[in-house]
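Reading the structure
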Amino acid sequence: MTRRKTTLLWLQSAGCGGCTMSMMCAEAPGLFDTFNNFGIDLLWHPTLSEASADEVTGLLADIVEGRRSLDILCFEGSVVRGPNGSGRYHMLAGTGRPMLDWVRLLASRARHTVAIGTCAAYGGITSAGSNPADACGLQYDGDLEGGALGASFRSNAGLPVINVAGCPTHPGWVLETLMMLAEDGLGPADLDRFGRPRFFADHLVHHGCSRNEFYEFKASAEQLSELGCMMEHLGCLGTQAHADCNTRPWNGSGSCTSGGYPCINCTAPEFEEPGRSFTETPKFGGVPIGLPTDMPKAWFIALASLSKAATPNRLRVNARADRIVQPPAVKDTTRR
Amino acid sequence: MNGESRRIIAGPFNRVEGDLEIRLDIDGGKVTRAEANSPLFRGFERILEGKDPRDAMTIVPRICGICSVSQSVAVARTLAAASGVRPPPNGELAQAVIHAAENIADHLTHFHVFFMADFARPVYEGRIWHEAAVRHFKAERGEAVKAAIQARAELLHIMGLLAGKWPHTLSVQPGGTTRAPDARDRIRLLAIVRRFRQWLEQNLFGDSLDNVAALGSLGDLDVWHRAGDAGFLRLFLTIADDLGLAEMGKGPPRFMSFGAYPRDGAHLLAPGIVEEGRRRPLDTAAITEDLSHSWMLGDTAHPSRGLTVPDEEMAAGYSWCKAPRLSGQTMEVGALARLVVEGRPLAPALLMGGRGNVRARVVARLVEIAISTLALEEWIRAMVPGEPFITPFELPDTVEAEGLTEAARGSLGHWLRIEKGRIASYQIIAPTTWNFSPRDQSGQPGPVEEALMGAPVLPGETTPVSVQHVVRSFDPCMVCTVH
């Protein structure tokens, strides 16, 4: 049986290209085998395709004018609206036309529109600080609905923009979304309230964190590279961040927290402006501000003070070291 | 037909990082004038104003998803210079390993995914090497394309062990790195590098890395080329001979490196300048950015005093890119420049009349892969698990600092001013800002604009394939260029 091909067009605008670079780290199967095995026909990708210049502008015209059908539009990077709403901070090369116009035209033609990365989803790092380029996401401007396509946008398949958020995105998040769209489709119930696919957004970065035992006993790191929990002092947002980073590895075996630095909640709208330094936990009266997701405050404080009092010496010592100084006791099995 | 005079606007110019538009005047079958337009402005330098200087560690790497670690290293050096902290020996080694892994991965991506695909185009049908080029390098389908992407993914397992993830790590810090590998991690790092080395020797070089790194002259390279047919480097040399790629894309006869991979006060590849074959020390005080042909407002200034004020009217100029100059001159930067400055014997021999060219840039990148993969193993072996990898740092309230490094594509500099504990100014000059700069007030074209002069154009070509070879031989990173 030959399945119908799923056509995919990928555009990049005001981002860093890092989500594509991350996607190229897909393994078993790799990127092109994934596309091939799921019938995904890559019409054009700026990093991967042979076609350049007029070969591409011809393709874009064909899609806009309905001569070619487009199943999936992937858009990487934020959309810049500046200066003064003109979008001229990114004129798509060779077209004399702002990317702001192109994305509106193409999204109206595509069956699905997928935002790749937090820039495309919500504006992301490009919209940090004074947001000099007036950057926004496809359907969000920070955590407000709107953005380049507007709050009421629905794709031809009836869905809002699918927000595969992350800075960068994990190769699995992107490719699993594309495989699902090609194979079975996604429904509104498969997305969370910020449009993120729930298969990764229903998890917390805290789940499976290698520092969980330190968290349980509030044995905290005070400097980057120490082994302890980074929530109390180093700004870690793993208990609030929606992603499965510690239950599926990055680059073979990694994650931010296993790399010795805090989770900065990069799948969330407005992660780029935490209102404090990224690597420092704000405190009120010595108590860290910010609770683990779904945790009642009074219970958290009660449990934290109890567990802090019960911290085993091993965890107290190892939390402040960059390697295991005191290993877990080996049970003496000769004495019963 | 061939003698016609016309103007082409080529874009979106792909298989570069980011968006690029090249405007060409063509006359008599040749490019007579080129303008490189970097069409995207994001304004990172403005985003950073007023922020806690430590937050640059999170924000600045996100300028670029392909040179992210290079940006991290440059921030780390800048903040280290501001605070006076020095990484311990392990920290320098781990930074070098993380940084080299990215640079090697970038070179690998450039050759296999970005550059070689153009030789598989139908325009070259009938050439003796075309079938091999199609089989190995056809975009998305070539066997070498797929194999190289897998080898790259496995090489980047180094990031999983030492940097948490790639791109956009916070592990590279002013005082070292945040993940202290233990004995198991160290042996696993060696396993990754040795496996990668094996892949390179079997696929890219058809020879040992030592032999490739030891090539000392054009004669050596020629003998090596004819000694067999194994390895994609040999396929490229065959193509380069047939198409005359050594005569194509000649840049300025001036090269610059900020120095790559410092360890114990020395660099694996030294900093410096080579101008018309003469070597002199690097003096970053002589750097200025000229805005005469940019959509930017302000005067020519050293980056420590530079401004980023976009001209919203886009009145004068043709690019968001500023035009950096050293003592008023353009500089070519990149792997070729690093090897020329280091004085590796093969690199000067690859120049034509003292100028870089398409063949030289590509060969230099591959030779640098060999040199730095050998160094990776040495650095990992030199790590001492149990000794510290990081030193804490404190920033003064008011200070100015400079941070320099070499990204895959060349010299990357950051210039920071902290006032009252906040970022008062942060200016960045990236490698492709040098190579793809627009003209300056004296009308001097940027390096790629100069290199495109005289590129041959075939009758009827709308995006001349020679132009594609020349542009991609620089491996431009457009997202870094304007930032």
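Residues numbered from 1 in each chain as written. Chains lettered and ligands numbered in written order. Predicted model: local features only at pLDDT ≥ 70, side-chain atom pairs only at ≥ 80, totals over all residues.

Further remarks concern the overall build of chain B. The secondary structure content of chain B amounts to 18 helices and 17 strands. Taking 2.2 N^0.38 as the reference for a compact globule, 483 residues should give roughly 23 Å; the C-alpha atoms of chain B span a radius of gyration of 22 Å, in line with that estimate. Each of the three principal axes of chain B carries a C-alpha extent, and together these read 65 × 55 × 40 Å. Split into buried and exposed, the 483 residues of chain B put 63% on the buried side. (Helix = DSSP H or I, 4+ residues; strand = E, 2+ residues; numbered from the N terminus. Rg over C-alpha atoms; globule rule 2.2 N^0.38 Å. Buried ≥ 20, exposed ≤ 12 C-beta atoms within 10 Å, placed from the backbone.)

With that out of the way, let us pick up the overall build of chain A. Scanning chain A from N- to C-terminus turns up ten helices and 13 strands. Referenced to the eigenvectors of the C-alpha coordinate spread, the extents of chain A come out at roughly 80 × 50 × 35 Å. For chain A, buried positions account for 55% of its 336 residues. Once local pairs closer than 6 in sequence are excluded, the contacts in chain A between residues at least 24 apart make up 69%. (Contact = placed C-beta atoms within 7 Å.)

It is worth spelling out the sheet that holds strand β3 (residues 30–37) of chain B at this point. As a general point, the strands of a sheet are linked pairwise by backbone hydrogen bonds and lie either parallel or antiparallel. Residue and element names in this part refer to chain B. A sheet is described by the order of its strands in space; here three strands give the open sequence β1-β2-β3, paired in antiparallel fashion. Here the strands that pair on one side only, and so sit at the sheet edges, are β1 (6–10) and β3. Shown here is a sheet whose adjacent strand axes are inclined to one another by a mean of 20°, direction ignored. By the bridge criterion, seven bridges tie strand β2 (residues 21–27) to β3 in an arrangement that is antiparallel. Each bridged residue has a counterpart across the sheet, and for Arg23 the counterpart in β3 is Glu35. (Pairing = 2+ DSSP bridges. Axes fitted to C-alpha atoms, helices over the stretch in contact; angles between N-to-C directions.)

It is worth spelling out the pairing of strand β11 (residues 287–290) of chain B at this point. Residue and element names in this part refer to chain B. With burial as the criterion, each face of β11 is covered, one bearing Ile287 and Glu289 and the other bearing Thr288 and Asp290. Of the pairings in the sheet, the one linking β11 to strand β14 (residues 323–326) comprises four bridges and is antiparallel in character. Bridge pairing links Glu289 to Pro324 in β14.

Quite often, the size of an interface is put as the accessible area lost when its parts meet. Between chain B and chain A, the contact holds 73 residues from the first and 64 residues from the second. Among the secondary structure elements, those contributing two or more residues to the side of chain B that touches chain A are β1, α1 (44–47), α2 (56–59), α6 (143–155) and α7 (157–162) of chain B. Counting residues per element, the side of chain B that touches chain A draws most heavily on α6(B), at five residues. Taken together, the residues of the side of chain B that touches chain A sort by class into 33 nonpolar, 20 polar and 20 charged. (Nonpolar A, V, L, I, M, F, W, Y, C, P; charged D, E, K, R; others polar.)

Another aspect to go through is the environment of Ala133(A). Turning to its location among the elements, Ala133(A) is positioned in the loop between α5 (118–122) and β8 (135–136). The buried category is assigned to Ala133(A), around which 26 C-beta atoms lie within 10 Å. In this view, Ala133(A) contacts Ala14(A), Val80(A), Gly82(A), Tyr89(A), Thr126(A), Phe41(B), Arg42(B) and Gly43(B); residues no more than four positions away in its chain are not counted.

Glancing now at unusual backbone geometry. Of all residues except glycine, most have a negative phi; of all peptide bonds, most are trans. At the junction of Ala28(A) and Pro29(A), the peptide bond is cis and its omega measures out at 0° in the coordinates. Secondary-structure assignment places Pro29(A) in the loop between α1 (18–23) and α2 (31–37). The peptide bond linking Gly82(A) to Pro83(A) adopts the cis configuration, its omega dihedral lying at -10°. By the secondary structure assignment, Pro83(A) is in the loop between β4 (79–80) and β5 (91–92). Positive phi is not limited to glycine here, since Arg15(B) has a value of about 50°.

Right, let's get into the domain arrangement of chain A. Residues and elements named next belong to chain A. Taken domain by domain, chain A consists of domain 1 (6–201) and domain 2 (207–323). On a C-alpha basis, the centroid separation for the pair domain 1 and domain 2 is 32 Å. The partner domain 2 presents 13 residues to the 19 residues of domain 1 that form the contact. Class assignment of the residues belonging to the side of domain 1 that touches domain 2 gives a composition of ten nonpolar, seven polar and two charged. (Domains from an automatic or database assignment.)

On to helix α6 (residues 171–183) of chain A. Residue and element names in this part refer to chain A. For α6, with 13 residues, the first-to-last C-alpha span of 18 Å sits near the 18 Å given by 1.5 Å per residue. Of the residues making up α6, those classed as buried are Pro171, Gly172, Trp173, Val174, Leu175, Thr177, Leu178, Leu181 and Ala182. Among the residues trailing α6, Gly185 stands out with phi positive, at a value near 90°. (Expected span 1.5 Å × (residues − 1).)

Right, let's get into the packing of helix α5 (residues 130–137) of chain B against α6(B). Residue and element names in this part refer to chain B. Where α5 contacts α6, the two axes come as close as 4 Å, and the packing angle between them is 40°. Relative to α6, α5 is oriented oblique. Along the contact surface, α5 presents Arg135, His136 and Phe137, while α6 presents Glu143, Ala144 and Val145. Among the residues making up the contact of α5 with α6, the classes are represented as three nonpolar, one polar and two charged. (Parallel < 35°, antiparallel > 145°, perpendicular 65-115°, else oblique.)

Another aspect to go through is the nonpolar core. With 267 residues, the main nonpolar core has Val79(A), Ala115(A), Leu138(A), Val97(B), Ala101(B), Ile158(B) and Val367(B) as its most contacted residues. Per-domain counts for this core show at least three residues from each of domain 1 (6–201) and domain 2 (207–323) of chain A. Residues in contact with Ile158(B), not counting those within four places in the same chain, are Val97(B), Ala101(B), Leu189(B) and Ile192(B). (Core = buried A, V, L, I, M, F, W, Y, C linked by C-beta atoms within 7 Å.)

What follows covers the sheet that holds strand β10 (residues 278–280) of chain B. All names here are of chain B. Read from one edge to the other, the open sheet built from three strands follows the order β6-β9-β10, with strand pairing classed as antiparallel. At either end of the open sheet lies a strand with only one pairing partner, and these are β6 (254–257) and β10. Strand-to-strand twist across the sheet, computed as the mean angle between neighbouring axes with direction ignored, equals 15°. Most of the contacts of helix α12 (residues 335–342) go to β6, to which it runs at about 90°, and overall it touches β6 and β9 (272–275).

Let's shift gears to the environment of Thr288(B). All names here are of chain B. Structurally, Thr288 can be placed in strand β11. Taking the C-beta count within 10 Å as the criterion, Thr288 has 21 such neighbours and is therefore assigned buried. Along the sequence, Thr288 and Val384 sit 96 residues apart, while their C-alpha atoms lie 42 Å from each other. Aside from chain neighbours lying at most four places away, what touches Thr288 is Thr300, Ala301, His302 and Arg325.

Moving on: the pairing of strand β15 (residues 399–407) of chain B. All names here are of chain B. The pairing of β15 with strand β16 (residues 410–419) spans nine bridges and is antiparallel. Bridging from a neighbouring strand, Glu402 pairs with Trp415 of β16. Linking β15 to β16, which pair antiparallel, is a turn of two residues.

What follows deals with α12(B). All names here are of chain B. Buried residues dominate α12, accounting for eight of its eight residues. By the burial criterion, the buried members of α12 are Ala335, Leu336, Ala337, Arg338, Leu339, Val340, Val341 and Glu342. Of the residues trailing α12, Gly343 is marked for its positive phi of about 80°.

This next bit is on the packing of α12(B) against helix α14 (residues 358–382) of chain B. Residue and element names in this part refer to chain B. At their nearest, the axes of α12 and α14 sit 8 Å apart, and the two run at 75° to each other. When the axis of α12 is compared with that of α14, the two are roughly perpendicular. Side by side, α12 and α14 meet where Ala335, Leu336, Arg338 and Leu339 of the first sit next to Ala360, Arg361, Ala364, Arg365, Val367 and Glu368 of the second. By residue class, the composition of the contact of α12 with α14 is six nonpolar, no polar and four charged.

Time to look at the environment of Met383(B). Structurally, Met383(B) can be placed in the loop between α14 and β15. When neighbours within four sequence positions are excluded, Met383(B) is seen to be in contact with Asn90(B), Leu93(B), Ala94(B), Pro181(B) and Arg186(B).

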